[in-house]
Amino acid sequence: MKTVAEQNTQIIDFTGDPRWELVQRIIESPHLAGSARLRDFLLHVTACAIRETPEDATEQQIGIQVFQKSPGFNSSEDSVVRSQARLLRLKLSAYFNVEGAAEPLIMEIPKGHYLPVFLPTAEGTHYSPSRISRIGLNRTRFATHHWQIVALVFLIVLGLSAIGVRLWQRHQISSKPLNRLWAPFLAGDPPLVIYSNAVFIGDSKRGMRYAANDGSDNSATDRVDNYTGIGELVSVHEITQLFDRHHAEFKLKRSLLVTWDEARERNLIFIGSIAENSSLKAMPSTQDFTFIATPDAAGIINHHPRNGELVAYIRPERPLTKDYAIVALLPGVQPDRHMLIFSGLTTLGTEAAVEYATTPESATELMKQVAPDGKVHNFEALLEVTISGGVPLQSKLLTLRVH
């Protein structure tokens, strides 16, 4: 049986359009074959792109047309579109890393929007859906005897564009606030990205608990050390997209496998709470804001509160509607190295911290305070994160310490 979106898109014949043919291959792949909801989502926004109707690809319209929400539904309280968009982006990334590695086009759904863009796999050129349709990737618009001329012109333009984009990106890394924050990590040797990797005792059937900090569980036979949080997963995806846009690389490791020699020789990016990131415990860490956890509560201590600030920011346990997180830029192990820390009280807070530092608008807000004289200073920032339906919706900069 065909889904609602599949039935609706049959009304318009997109046969021959390379974007539509690409999406057909994607929805038939193992990544989406078992999820009718994600297939509907992808088909709908692709149809909007091809028809050039972005007004139908808003959160409100997707909720109504894809997820059968009522016309007056409140998208700020119902996060289904945002949560499914996050999952769809992960599925698309997985497809293009495996089955779609040789595709002539790459499809992306930019963060903060739902209308997809399509990029040729050749490096350095970016096309929106409307641009693709204008240059005629659909070969039926050209007579067959002209294809060689078109291909030659395209390759020349592509080569010149690649050179121009490279020069432009070098300038952008040092000029845009977002890129200035990440500049030490985007140039030179690939940094080490270290995600939290807590040790548990037990199993999924009998239940699990954190291993004791005093070492009493070190000899336990039911130790489990291969888990991380969904927020850490999304965070790595966000950082991967940032690095890909700058043609940069990083080395990814779980915290339990990091060696001191590795940490000493590289710039470091820590993802996750210090309670679950053993490598972070051994590094010079934050001084102004530190974590506290008791059997009854968890929060962040403000060691040097200013007027109007709290001494401790404690999150509610249930329901989890609020979290707190730290974003910090600190010196690395060696004097010429740097360290970025993204650490939430929960995995959702960690996700929000990384999103805050990889989003141009919030990065601009941050850089106005940490680089007032043009130089990026080390800092510690405290964020308050609003959560709804298990999704971090909004991050607010509560206070900041510039070193």
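Here, the structure is the one placed above.
Residues numbered from 1 in each chain as written. Predicted model: local features only at pLDDT ≥ 70, side-chain atom pairs only at ≥ 80, totals over all residues. Heavy atoms only, no water.

Q: Tell me about the packing of helix α12 (residues 347-358) against helix α13 (residues 360-370), and please be specific about residues and values.
A: Contact geometry for α12 and α13: axes closest at 5 Å, N-to-C directions at 80°. Regarding the angle of α12 to α13, the classification is roughly perpendicular. Contact residues: α12 offers E355, Y356, A357 and T358, while α13 offers P360, S362, A363, E365 and L366. Its residues placed into classes, the contact of α12 with α13 shows 5 nonpolar, 2 polar and 2 charged. (Axes fitted to C-alpha atoms, helices over the stretch in contact; angles between N-to-C directions. Helix = DSSP H or I, 4+ residues; strand = E, 2+ residues; numbered from the N terminus. Parallel < 35°, antiparallel > 145°, perpendicular 65-115°, else oblique. Contact = heavy atoms within 4.5 Å. Nonpolar A, V, L, I, M, F, W, Y, C, P; charged D, E, K, R; others polar.)

Q: Kindly report on the sheet that holds strand β11 (residues 312-314), identifying the contributing residues and their values.
A: Read from one edge to the other, the open sheet built from 3 strands follows the order β9-β10-β11, with strand pairing classed as antiparallel. The open sheet terminates on both sides in strands that have one partner only, identified here as β9 (289-293) and β11. The sheet shows a mean angle of 25° between the axes of neighbouring strands, taken without regard to direction. (Pairing = 2+ DSSP bridges.)

Q: I'd like a rundown of the pattern of salt bridges, residues and numbers included.
A: Tallied over the full model, the rule gives 9 salt bridges. Here D17 makes a salt bridge to R19, at a shortest N to O gap of 2.7 Å. Between R82 and E59 there is a salt bridge whose closest N-O contact spans 2.5 Å. Of the two residues, R82 sits in helix α5 (residues 80-97) while E59 sits in helix α4 (residues 59-65), which places them 23 residues apart along the sequence. Shared partners join several salt bridges into a network, and the residues in it are R86, E351 and E355. (Salt bridge = Lys/Arg side-chain N within 4 Å of Asp/Glu carboxyl O.)

Q: Explain the sheet that holds strand β12 (residues 322-331) residue by residue, including any values.
A: Overall, mixed pairing links the 7 strands, which are arranged β7-β3-β8-β13-β12-β14-β15 in an open sheet. The open sheet has two edge strands, β7 (251-254) and β15 (391-402), and neither has a second partner. In this sheet, neighbouring strand axes are inclined to one another by 15° on average, regardless of whether the strands run parallel or antiparallel. Bridging between strand β3 (residues 192-195) and strand β8 (residues 268-271) involves 4 bridges; their strand directions are parallel. Counterpart to Y195 in the pairing with β8 is I271.

Q: Quick rundown of the packing of helix α2 (residues 18-27) against α5? Include the residues and the values.
A: Following both chains from N to C, one finds α2 and α5 inclined at 95°, their axes separated by 11 Å at the closest point. Considered as vectors, α2 and α5 are oriented roughly perpendicular to each other. Every residue of α5 that contacts α2 at L22, R25 and I26 is listed here: L92, Y95 and F96.

Q: With reference to specific residues and values, describe the nonpolar core.
A: Within the largest apolar cluster, 32 residues are counted, with the highest numbers of intra-cluster contacts made by W182, F243, I269, F342, L366 and F379. It is helix α8 (residues 177-186) that contributes the most residues to this core, 5 residues altogether. Ignoring sequence-local partners within four residues, the contact set of F379 consists of L181, V327, A328, L329, L330, L366, V370, L400, R401, V402 and H403. In this structure, F41, V66, A85 and Y114 belong to the second largest nonpolar core, which totals 30 residues. (Core = buried A, V, L, I, M, F, W, Y, C linked by side-chain atoms within 4.5 Å. Buried < 20%, exposed > 50% of the residue type's maximum accessible area, 1.4 Å probe, protein only.)

Q: Let's hear about the pairing of strand β13 (residues 338-344): which residues, and what values?
A: Most of β13 is tucked away: 6 of the 7 residues are buried. In terms of strand pairing, β8 meets β13 through 4 bridges, oriented parallel. The partner of L268 across the bridge, within β13, is M339. Of the pairings in the sheet, the one linking β12 to β13 comprises 7 bridges and is antiparallel in character. Paired with L330 across the strands is M339, a residue of β13. The antiparallel pairing of β12 with β13 creates a hairpin that spans 6 residues between the two strands.

Q: Mind laying out the pairing of β3, listing which residues take part and the relevant values?
A: Every other side chain in a regular strand lies on the same face of the sheet, so the side chains alternate between the two faces. Summarising the sheet, β3 and β7 pair through 4 bridges and their orientation is parallel. Bridge pairing in β7 places L192 opposite K251.

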